[in-house]
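Remarks on the overall topology
Letter by letter, the chains look like this.
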Amino acid sequence: MADGFIGFGEVWLVGAGPGDPDLLTRKAERLLSEADIVFFDALVGQGVLALIPATTERVAVGKRSGRHSKDQASINELLLTAALADKRVVRLKGGDPGIFGRAAEEIAYLQSHGIVVKICPGITAASAASASAGVSTTLRGMAQSLIFVTAHARAGATLDLDWASLAMTNATLAVYMGRAAAREIAQRLIDGGRRPDTPVVVAVNVSLQSERLIRGTLASLPFLVWTIGDDDPTLLLIGDAVGEHSRRSRARLTNGHRCASRPACSG
């Protein structure tokens, strides 16, 4: 795959990562520097937007839960119009375009009109959250799989998810947009067989200066999200593996106390 634009009238779907500009790929930064116009989501960090040259046209097409500045059909049409005008187009999406980014809809629409579309991947929120939390989402003997799921549902609708599969105790769950549905998620998973004391990390504004990591249990999940604002991007990590950070911390404290009381202790 080419590293950048090879002609005009092309569209690149570019992953902006979780928000920290230092987590943007070098390829993504190069594409931003080459673009004539950038269509960006609401969740793209300000530090990433600052990398767009001042001479490049910017168009906000962000969507937040319950408040859509542009519907998907309008976004598709804007991308097509720009490409047909022989502009080098970047569609900048938070995280990775292929993970809950509705990339398939935009690709299909543009390709149906003969537009060349390419993808530049980005760091997804689950990866950034597990890194910030100091945990491994897969861990021998605890988590043999990692499941990405979105908790976004239409207003008034219940979550249409395979709860039996999600309740498997040997999997770590990464739940995107999970704040509003936290109570239902916790109850469904517990009803399906997950232990109430299953470790949980609630990651808010991952990778930004305002990042918060709230640790608790599945049973306490509805209470853990109380202080999170509607506009704060939130991801849930659920599973025994994500509790290992706390276990290791306790072990270090215990060992440190033991060594402090025994001068001969070393290593």
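Not measured: the values here are computed from a predicted model. (Residues numbered from 1 in each chain as written. Predicted model: local features only at pLDDT ≥ 70, side-chain atom pairs only at ≥ 80, totals over all residues. Heavy atoms only, no water.)

1. Remarks on empty space enclosed by the protein
- A complete count under the given rule lists one cavity of 30 Å³ or more for this structure.
- Here the largest cavity defines a volume of roughly 30 Å³.
- Contributing to the lining of the largest cavity are Thr169, Arg194, Arg195, Thr198 and Asp240.
- In terms of residue class, the lining of the largest cavity is built from no nonpolar, two polar and three charged. (1 Å grid on protein atoms, 1.4 Å probe; cavity = no way out; pocket = protein on both sides within 12 Å on 5 of 7 lines; lining within 4 Å. Points joined across faces, edges and corners; volume = space filled by probe spheres on them. Nonpolar A, V, L, I, M, F, W, Y, C, P; charged D, E, K, R; others polar.)

2. Considering the environment of Asp36
- Mapped onto the elements, Asp36 comes out in the loop between helix 1 (26–34) and strand 2 (37–40).
- For Asp36, a relative accessible area of 27% corresponds to the partly exposed category.
- Asp36 sits 52 residues away from Arg88 along the chain, and the two C-alpha atoms are 5.1 Å apart.
- Other than its neighbours up to four places away in sequence, Asp36 contacts Phe8, Thr56, Glu57, Asp86, Lys87 and Arg88. (Helix = DSSP H or I, 4+ residues; strand = E, 2+ residues; numbered from the N terminus. Buried < 20%, exposed > 50% of the residue type's maximum accessible area, 1.4 Å probe, protein only. Contact = heavy atoms within 4.5 Å.)

3. Quick word on a nonpolar patch on the surface
- Among the surface-exposed residues, Phe100, Leu146, Phe148 and Met177 lie close enough to one another that they form a single nonpolar patch of about 340 Å² accessible area.
- Looking at the secondary structure, you find Leu146 in strand 8 (residues 145–150).
- Under the relative-accessibility criterion, Leu146 is labelled partly exposed at 34%. (Patch = residues over 30% accessible without salt bridge, like charges linked within 9 Å, V, L, I, M, F, W, Y side chains within 5 Å. Areas by Shrake-Rupley, 256 points an atom, 1.4 Å probe, with all protein chains shown as cover. Salt bridge = Lys/Arg side-chain N within 4 Å of Asp/Glu carboxyl O.)

4. So, the pattern of salt bridges
- Under the definition given, this model contains 10 salt bridges.
- Arg88 is the salt-bridge partner of Asp36, the closest N and O atoms lying 3.1 Å from each other. On the criterion of sequence distance, the pair formed by Asp36 in the loop between helix 1 and strand 2 and Arg88 in the loop between helix 3 (72–84) and strand 6 (89–93) is long-range, its members being 52 residues apart.
- In this structure Arg88 comes out as partly exposed when scored by relative accessible area, which is 25%.
- Arg91 serves as the salt-bridge partner of Glu106, at 3.2 Å between the closest nitrogen and oxygen. Of this pair, Glu106 sits in helix 4 (residues 103–111) while Arg91 sits in strand 6, and the two are 15 residues apart along the sequence. For the pair formed by Glu106 and Arg91, the shared burial category is buried.
- Within the structure, one salt-bridge network assembled from shared partners comprises Asp41, Arg91, Lys93 and Glu106.

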